[in-house]
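One letter stands for each residue in the lines below.
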Amino acid sequence: MTKSITNKKLSLKDLLSSDDLKSLLKNISFEQGLLIMDELVQKVESGTLPLEEAMQAYESGLELLKQLRSVLQAAEKKLEVLQVE
Amino acid sequence: MEKFLSISELTFLLNKILEETFCQISFEGEIHEISRAASGHIYLTLKDKNSQLSAAMWRSFASRLSFRPEVGMFVQCIGTANLYSKSGRFQMILESMQPAGAGRLQQEFLELKAKLEKEGLFSEARKRELPILPSVVGIVTSESGAALQDMLVKIRERWPSTQVILAPAKVQGEGSVVDICKAIEKLNSDARSEVIIVGRGGGSLEDLWSFNTEAVVRAIFKSSIPIISAVGHETDITLSDLVADVRAPTPTAAAEMVVPHRDVIAKSLDSLAKRLTQYERWFAPMQQCFDDSKERFIRVYKLLIQHNRLRLESSSIKLSKIEPKNLFSFNYSKLQELERRLKFAFGVTELKLRDEKLIELWQRLKKSMTQRVLFANQKLDSYDRNLKALSYQRVLDRGFSLIYSNGKLVKDANALKIGEDLELKFSKASALAEVKKIN
């Protein structure tokens, strides 16, 4: 899992207005993904989204879930030893 | 003949007395000289301001020491006096030795703590929150210590894909302070770690001492990456614990704090997924809004009906005032009053009238009055019928309706305006309409 500093401020709004959801999600950190997922579900549940946006949120949510679940399955990382002189 | 003791005999006797008299004596002093023999025995010279004394510690005791005695150290010992027969040198044979500084260290600790506290290094306000799920975790500890293995095992178990970067450091003894500081700086300049664990396993107070030094505390304070301090056991509190963003009781506990368990995250993902796919929730608020409007509409409608019913009742009361029946009762009471006045005018009651003429006249008057009343009654009945025929309710019953605008009956369509609200009153109920066009 690589952490992308440039994506630190990615919000739910960016996610919903994105044309290329998959590549956007690729660079997202797990923690951020979780936060966005939570916000997304709450938005949908609040019923304040117009139906069309709710559908879009739903689609994005499913894609994001898939992504997060795959991170959960990710392989064990090797220990890296930093040289301290 | 005087008996002479041999040197060996004298030494033996002296030793006997020394050992019996000065057995297991507690004493303290500074280490002036120290040598470690290949055999494992330690030979020292202990001194204070005015005196010095030789001492030896045999291997079996020396191997049990919890610290490494060095020149200049102030130590507390338990030992027995002895005269070394080979050289005739007096010495103390030591069974135990410990740094006398425990009390002094405590004092140092408290002084440093007070100083740093005053500077605000331990302020709660500057403590940062740990990232929920760091992808990279930095660790500062000994490469060979059990603490590192404990932490790695825990992290792998909880979140296997966590990248761990170790910045190795000696965690006790000479050079450990510099090592720990450098390792923290190194992880900061590497900048990949999102959180750093600085720690070591349990040990004596002296073992943990590096984590009570000003240099290490300041290095932790300076770190731009949040730090978890995990030094020794739960009961050990070091200054590193106080300055760190979070204190973990043990290295294992630090590993548990730093990453969540993936089963927990998996569970929360499942619940998010479940919530996301409950479509009916999407519409619930809309449904509620609809139900709301429906209720409000019914309420307004009921009010409207109520209002019109009141208006109808008030017109029906007005109408009833001019109804013939009531008109008649009004006239009848007038007649009765006339009768009363008439009787009064004659000053007598009917029975008391002697004059038959008068009686007859009275009878005729009464008869004519009755006829007039009867006639009037008939006439009133006919009025009644006519009025009823004229009542607009009848007209409405025939399918006509009344049009009100602002509560006034509309008689001329030209007086209306486009868009104006009209109230249509039917025989039964009424309706609201809007003027679309005027012909």
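Refer to the structure above for everything that follows.
Being a predicted model, the structure only gives us computed values, none of them experimental.

The strands making up a sheet associate through backbone hydrogen bonding, with each pair oriented either parallel or antiparallel. All names here are of chain B. Here we have 4 strands laid out as an open sheet, ordered 12-11-13-14, and antiparallel in their pairing. Unpaired on one side and paired on the other, strand 12 (408–409) and strand 14 (430–434) mark the two borders of the sheet. Pairing geometry for strand 11 (residues 402–405) and strand 12, over 2 bridges, is antiparallel. By the bridge assignment for strand 12, Tyr 404 is matched with Leu 409.

Bringing the sheet that holds strand 1 (residues 25–36) of chain B into the picture now. Residue and element names in this part refer to chain B. With mixed pairing, the 5 strands of this closed barrel are ordered in space as 1-2-3-5-4. Recorded for the sheet is a direction-independent mean angle of 55° between the axes of neighbouring strands. Bridge count between strand 1 and strand 2 (residues 42–47): 6 bridges; the pairing is antiparallel. The partner of Ile 31 across the bridge, within strand 2, is Leu 46. Contacts from helix 1 (residues 7–21) reach strand 4 (74–84) and strand 5 (89–99), with the element oriented near 145° to strand 4.

Bringing the side chain of B:Ser430 into the picture now. All names here are of chain B. Position of Ser 430 among the secondary structure elements: in strand 14. Side-chain polar atoms of Ser 430 contact the side chain of Asn 308, separated by 3.0 Å. The residues touching Ser 430, leaving out its near neighbours within four places in the chain, are Asn 308, Glu 423, Leu 424 and Lys 425.

Moving on: the nonpolar core. For soluble globular proteins, nonpolar side chains are generally found buried alongside one another. Counting residues in each nonpolar core, the largest one holds 49 residues, and the members touching the most others are A:Leu15, A:Phe30, A:Met37, B:Ile139, B:Ile197, B:Ile228 and B:Val258. No other element matches helix 4 (residues 51–72) of chain A, which puts 8 residues into this core. Those residues in contact with A:Met37 that sit more than four places away from it in its chain are A:Gly61, A:Leu64, A:Leu65, A:Leu68, B:Leu272 and B:Leu276. Core analysis: the next-biggest nonpolar cluster, separate from the first, contains 33 residues, B:Ile165, B:Leu187, B:Leu208 and B:Trp209 among them.

What follows is about the environment of B:Lys436. Residue and element names in this part refer to chain B. For Lys 436, the location among the structural elements is in the segment after strand 14. You can call Lys 436 exposed: its relative accessible area is 68%. Sequence-wise, Lys 436 and Glu 420 are 16 residues apart; in three dimensions their C-alpha atoms are separated by 8.3 Å.

Residue and element names in this part refer to chain B. Within the structure shown, the criterion is met by 12 salt bridges over all chains. Among the ionic pairs, Lys 154 bridges to Glu 157, the shortest N-O distance being 3.7 Å. Of this pair, Lys 154 and Glu 157 both sit in helix 4 (residues 146–158), 3 residues apart, which is roughly one turn of the helix. With a shortest N-O distance of 3.5 Å, Lys 154 and Glu 256 are connected by a salt bridge. You can see Lys 154 sitting in helix 4 and its partner Glu 256 sitting in helix 8 (residues 251–258), a full 102 residues away along the chain. Put simply, Lys 115, Glu 119, Glu 214 and Arg 218 are held in one network by salt bridges that share partners.

The subject of this paragraph is unusual backbone geometry. One non-glycine residue with positive phi stands out, namely B:Ala191, at about 65°. Take B:Ala191: it is sitting in the loop between helix 5 (176–190) and strand 8 (195–200).

Of the residues lining the interface, 38 residues belong to chain A; the matching set on chain B comes to 39 residues. If you sort the residues of chain A by the area they bury against chain B, A:Glu45, A:Leu72 and A:Leu82 come out on top, with a joint share of 17%. If you look at where chain A meets chain B, you find 2 salt bridges. Its salt-bridge partner being A:Glu80, residue B:Arg192 comes within 2.6 Å of it at the nearest N-O pair. At the boundary of chain A and chain B, one finds 8 residue pairs in polar contact (both at pLDDT 80 or more). The greatest single-element share of the side of chain A that touches chain B, amounting to 12 residues, is contributed by helix 3 (residues 30–46) of chain A. Class assignment of the residues belonging to the side of chain A that touches chain B gives a composition of 23 nonpolar, 5 polar and 10 charged. Relative to strand 7 (residues 163–168) of chain B, strand 1 (residues 80–81) of chain A is paired through 2 bridges, and the arrangement is parallel. Considered in strand 7 of chain B, the bridge of A:Glu80 is made with B:Ile165.

Quick notes on the rules
Residues numbered from 1 in each chain as written. Chains lettered and ligands numbered in written order. Predicted model: local features only at pLDDT ≥ 70, side-chain atom pairs only at ≥ 80, totals over all residues. Heavy atoms only, no water. Pairing = 2+ DSSP bridges. Helix = DSSP H or I, 4+ residues; strand = E, 2+ residues; numbered from the N terminus. Axes fitted to C-alpha atoms, helices over the stretch in contact; angles between N-to-C directions. Contact = heavy atoms within 4.5 Å. Polar contact = N/O pair within 3.5 Å; in protein donor to acceptor, adjacent residues only side chain to side chain. Core = buried A, V, L, I, M, F, W, Y, C linked by side-chain atoms within 4.5 Å. Buried < 20%, exposed > 50% of the residue type's maximum accessible area, 1.4 Å probe, protein only. Salt bridge = Lys/Arg side-chain N within 4 Å of Asp/Glu carboxyl O. Buried area = accessible area lost by both parts, 1.4 Å probe. Nonpolar A, V, L, I, M, F, W, Y, C, P; charged D, E, K, R; others polar.

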